[in-house]
Amino acid sequence: MTTPAQTESTEAQAPTTVVLTDVAAQKVKALIEQEGRDDLRLRVAVQPGGCSGLRYQLFFDERSLDGDIVTDYSGVEVVVDRMSAPYLAGATIDFADRIDAQGFTIDNPNAGSSCACGDSFS
């Protein structure tokens, strides 16, 4: 009996949602533990605003919205709504804790330009 040959695609597929680094996942997990709740997830969204047109939003949320894309990173759920997903596909969220920078950073390949403060993009 012969079976059809299975072919594997060698094309690299671009991520369809945000990527959370291990360092950022550990920080999010610690912040959720500080809140004392186990129902919270990190929601990442894009909203109109800022000096470049669009602004990132990162916040803890317990809601589930229709069309949400949920990805688990080391026990931390990252949620992106369906309207924000195209703007955030392939973006990497990291956490910096250095003398010159502290906080979450977003490296977004979809951002054509950003403002000097780094809070918004177009």
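All of the points below concern the structure found in this document. (Residues numbered from 1 in each chain as written. Predicted model: local features only at pLDDT ≥ 70, side-chain atom pairs only at ≥ 80, totals over all residues. Heavy atoms only, no water.)

Some words on the nonpolar core
Of all hydrophobic cores here, the largest spans 21 residues; its most connected members are Val18, Leu20, Leu42, Val44, Val78, Val80 and Leu88. Secondary-structure elements contributing two or more residues to this core are α1 (22–35), β2 (41–48), β3 (54–61), β5 (76–80), α2 (85–88) and β6 (92–97). For this core, the element with the highest residue contribution is α1, accounting for 4 residues. Once you skip the residues sitting within four places of it in the chain, Leu88 turns out to touch Thr17, Val18, Val44, Ala45, Val46, Tyr56, Val80, Asn108 and Asn110. (Core = buried A, V, L, I, M, F, W, Y, C linked by side-chain atoms within 4.5 Å. Buried < 20%, exposed > 50% of the residue type's maximum accessible area, 1.4 Å probe, protein only. Helix = DSSP H or I, 4+ residues; strand = E, 2+ residues; numbered from the N terminus. Contact = heavy atoms within 4.5 Å.)

What to know about the packing of aromatic side chains
Inspection of every chain in the model, using the stated rule, returns 1 aromatic pair. With 4.9 Å between their ring centres and 65 degrees between their planes, Phe95 and Phe104 make a pair best called edge-to-face. (Phe/Tyr/Trp six-rings, centres within 6.5 Å; stacked < 30°, edge-to-face > 60°.)

Observations concerning the sheet that holds strand β1 (residues 19–20)
Taking strand neighbours across the sheet as the criterion, the 3 strands line up as β1-β6-β7 in an open arrangement whose pairing is mixed. Two strands bound the open sheet, and with one partner strand each, they are β1 and β7 (102–107). Judged from the 6 bridges that link them, β6 and β7 form a sheet pairing that is antiparallel. Residue pairing in the sheet places Ala96 in a bridge with Gly103 of β7. Each of β1, β6 and β7 is contacted by α1, which is oriented at about 75 degrees to β6, the strand it contacts most. (Pairing = 2+ DSSP bridges. Axes fitted to C-alpha atoms, helices over the stretch in contact; angles between N-to-C directions.)

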